[in-house]
Amino acid sequence: MPHDSVAPTPPAHTPAPASLRGKRIPVAILGATGAVGQTFVRLLEGHPWFEVTELAASERSAGRPYHEAARWIEGQMPARLREVQVLPCDPAAVRAPIVFSALDSSAAGDVEPAFAAAGRLVFSNAKNYRMAADVPLLIPEVNWSHVALLEKQRMLRGWSGALITNANCSVTVAAMALAPLHQAFGIERVFAATMQAVSGAGYPGVPSLDILGNAIPYIADEEPKIEEEMRKLLGTYGDGAVTHTPLRVSAHANRVAVEHGHTVCLSVGFARRVSPADVSEALRAWRGPDGIVGFLEACPSAPARPIVVTDAPDRPQPRRDVNAGRGMSVVVGRVREDALLDVKLVAMGHNTIRGAAGGSILNAELCVMGAPPVPAGLLAEITGAAAARAS
Ligand SMILES: N[C@@H](CC=O)C(=O)O
């Protein structure tokens, strides 16, 4: 084979953690009618540890059967959910202990803290709290140690639940490619140019007459997000805080006529001399921090390899590679010398799976496993409180 295989791997059959005692944890999806909400529904259908029991959305959708409220985008809506009545995004109406939020930032700002205050473990995709000092911004393989912020968050905010965020989708792709290199060699400067799929803009998203046969060199708010979130993601946790890495990042964000898969062209400057061969070797060997690799291997959503390196001269390509690791791997190729910085490469990943719903689900799986440093007893506390509410 000329390069590493990027074929989708079959779903893992992972035994549930003993703490679940053979039962799946009920979970709710907030913003269930939108594109990312629907991706949560698809990925969680048949999940061995989680069962979607509640769907919530805006006042406009609340009270309607899910099949009427949501214009389903890919494949078929799971039959068992068609008649489920959509709930309002209110913790008094939604009972599940674990909540996946696909809410737009206009709603997430009030709704997500309300659920965390009401004892729920909230996994957010929205931008609102990503940069808050007490909120973990997580990509498990990159910075799982930052989950330790939860202890301080719950104390400071007086929440019986907690809030965990995942990163913007294009940052996720870039950060996964850069984390192994930062750990091994120390990165000082990054130039990033994205080619982002239309699904990143949600549904109905970018008008077809704007994007067909076109590329748009602007995505609102995207460039500052890439620059700021990258510094937090690659930062270090200690003494109850994350110290952002002093990395200089310059980003260009572009929308292109691709359905799924964000591509990021990266030029990287290191603190010392690093060759393309060093970079390829570090990427191929990387599985994430030693302390959680065993936990990741037991997570149903974790790919066998978070980074798939290809030596093919014309890859990665969204059309061919976007489903690597069932959409959870980032495919990296074109690793070569850079005349301006040191090394350049191209990273591509599934924006609505690894970059959104799949990333949140993996965060939740690691929490359920109690992967350290998840605060001891967090899951038992949250599910115990939910059982008490139900009785
Ligand atoms: N802002 C991104 C979505 C990912 O978070 C995009 O527009 O593609």
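Since we're looking at a predicted model, the values are computed, not measured. (Residues numbered from 1 in each chain as written. Predicted model: local features only at pLDDT ≥ 70, side-chain atom pairs only at ≥ 80, totals over all residues. Heavy atoms only, no water.)

Let us look at the overall build of the protein. For the protein, the count of helices and strands is 13 helices and 16 strands. Taking 2.2 N^0.38 as the reference for a compact globule, 391 residues should give roughly 21 Å; the C-alpha atoms of the protein span a radius of gyration of 20 Å, in line with that estimate. Along the longest, intermediate and shortest principal axes, the C-alpha atoms of the protein span 65 × 50 × 40 Å. Per-residue burial over the protein gives 57% buried out of 391 residues. Sequence-distant contacts in the protein: of pairs separated by 6 or more residues, those separated by 24 or more amount to 76%. (Helix = DSSP H or I, 4+ residues; strand = E, 2+ residues; numbered from the N terminus. Rg over C-alpha atoms; globule rule 2.2 N^0.38 Å. Buried < 20%, exposed > 50% of the residue type's maximum accessible area, 1.4 Å probe, protein only. Contact = heavy atoms within 4.5 Å.)

Moving on to unusual backbone geometry. Cis geometry is found at the peptide bond from Tyr203 to Pro204, where omega equals 0°. Looking at where Pro204 falls in the secondary structure, it is placed in the loop between strand 7 (187-195) and helix 7 (208-211). Here the bond from Pro372 into Pro373 is cis, since omega is 5°, no more than 30 degrees from zero. By the secondary structure assignment, Pro373 is in the loop between helix 12 (353-369) and helix 13 (378-390).

Under the feature "domain: Semialdehyde dehydrogenase NAD-binding" (unreviewed entry), the UniProt entry names residues 26-150. The distance separating the terminal C-alpha atoms of residues 26-150 is 22 Å; by composition the span is 26% helix and 18% strand. (UniProt positions renumbered as here; feature names shortened; annotations may be inferred.)

Once that is clear, we can look at the site of the ligand. Around the ligand lies a shell formed by Asn168, Cys169, Gln196, Gly200, Ile219, Glu222, Arg255 and His262. A distance of 2.9 Å separates an oxygen atom of the ligand from a polar side-chain atom of Gln196. One of the backbone nitrogen or oxygen atoms of Gly200 is found 3.3 Å away from an oxygen atom of the ligand. (Near = heavy atom within 4 Å. Polar contact = N/O pair within 3.5 Å; in protein donor to acceptor, adjacent residues only side chain to side chain.)

Compared with an ideal rise of 1.5 Å per residue, which puts 13 residues at 18 Å, helix 3 (residues 105-117) spans 18 Å between its outermost C-alpha atoms and is within 8% of the ideal. In the structure, helix 3 departs most strongly from a straight axis at Val111, where the bend amounts to approximately 30° and where the proline Pro113 lies between one and four residues downstream. When helix 3 is considered as a whole, its buried residues turn out to be Ala108, Gly109, Val111, Glu112, Pro113, Phe115 and Ala116. Within two residues after helix 3, Gly119 carries a phi angle of roughly 85°, on the positive side. (Expected span 1.5 Å × (residues − 1). Bend = angle between axes of the 7 residues up to and from the residue.)

With that out of the way, let us pick up the UniProt feature "active site" (unreviewed entry) in the protein. When the UniProt feature table is mapped to this numbering, "active site" (unreviewed entry) covers Cys169 and His262. A compact arrangement is adopted by the annotated residues: their sequence extent is 94 residues, whereas the largest C-alpha distance between any two is 7.7 Å. Excluding residues within four positions of it along the chain, Cys169 makes contact with His262, Asn351 and Gly355. Its location among the elements puts His262 in strand 13 (residues 262-270). Sequence-distant contacts of His262, defined by excluding residues within four places in its chain, comprise Cys169, Ser170, Val173, Met195, Gln196, Ala197, Gly200, Arg255, Ala347, Met348, Gly349 and Asn351.

The next point concerns the sheet that holds strand 16 (residues 343-349). Strand order in the open sheet made by the six strands is 11-7-13-16-15-14, with mixed pairing throughout. Looking at which strands have only one partner, the edges of the open sheet turn out to be strand 11 (248-252) and strand 14 (307-309). Each neighbouring strand pair of the sheet contributes to a mean axis angle of 25°, computed without reference to strand direction. In terms of strand pairing, strand 13 meets strand 16 through seven bridges, oriented antiparallel. Its bridge partner being in strand 16, His262 is matched across the sheet by Gly349. Its contacts with the sheet place helix 8 (residues 222-233) against strand 7 and strand 11, and it is angled at close to 150° to strand 11. Contacting strand 13, strand 14, strand 15 (330-337) and strand 16, helix 9 (residues 276-285) runs over the sheet at an angle of about 165° to strand 15. (Pairing = 2+ DSSP bridges. Axes fitted to C-alpha atoms, helices over the stretch in contact; angles between N-to-C directions.)

Further remarks concern the pattern of salt bridges. Counted by the stated rule, this structure contains 12 salt bridges. Where Glu51 meets Arg24, a salt bridge forms, and the shortest distance between an N and an O atom there is 3.9 Å. Taken together, the residues span a long stretch of sequence, with Glu51 in strand 2 (residues 50-57) and Arg24 in the segment before strand 1 (25-30) at a distance of 27 residues. When its relative accessible area of 35% is taken as the criterion, Arg24 is described as partly exposed. (Salt bridge = Lys/Arg side-chain N within 4 Å of Asp/Glu carboxyl O.)

It is the contact of helix 6 (residues 169-185) with helix 8, at a shortest axis distance of 9 Å, that shows an interaxial angle of 40°. Our classification of the angle between helix 6 and helix 8 gives oblique. Of the two elements, helix 6 crosses helix 8, and the hand of that crossing is right-handed. In contact with Ser170, Val171, Ala174, Ala175 and Leu178 of helix 6, helix 8 contributes Glu222, Lys225, Ile226, Glu229, Met230 and Leu233. The residue makeup of the contact of helix 6 with helix 8, split by class, is seven nonpolar, one polar and three charged. (Parallel < 35°, antiparallel > 145°, perpendicular 65-115°, else oblique. Left-handed = near helix turned anticlockwise from the far one by under 90°. Nonpolar A, V, L, I, M, F, W, Y, C, P; charged D, E, K, R; others polar.)

Attention shifts here to the packing of helix 1 (residues 35-44) against helix 12. Interhelical geometry of helix 1 versus helix 12 gives an angle of 50° and a closest axis separation of 10 Å. For the element pair helix 1 / helix 12, the angle class is oblique. When you trace helix 1 past helix 12, the crossing you get is right-handed. Across the interface between the two elements, Val36, Thr39, Phe40, Leu43 and Leu44 from helix 1 touch Ile353, Ala356, Ala357, Gly358, Ser360 and Ile361 from helix 12. Partitioned by chemical class, the residues of the contact of helix 1 with helix 12 number eight nonpolar, three polar and no charged.

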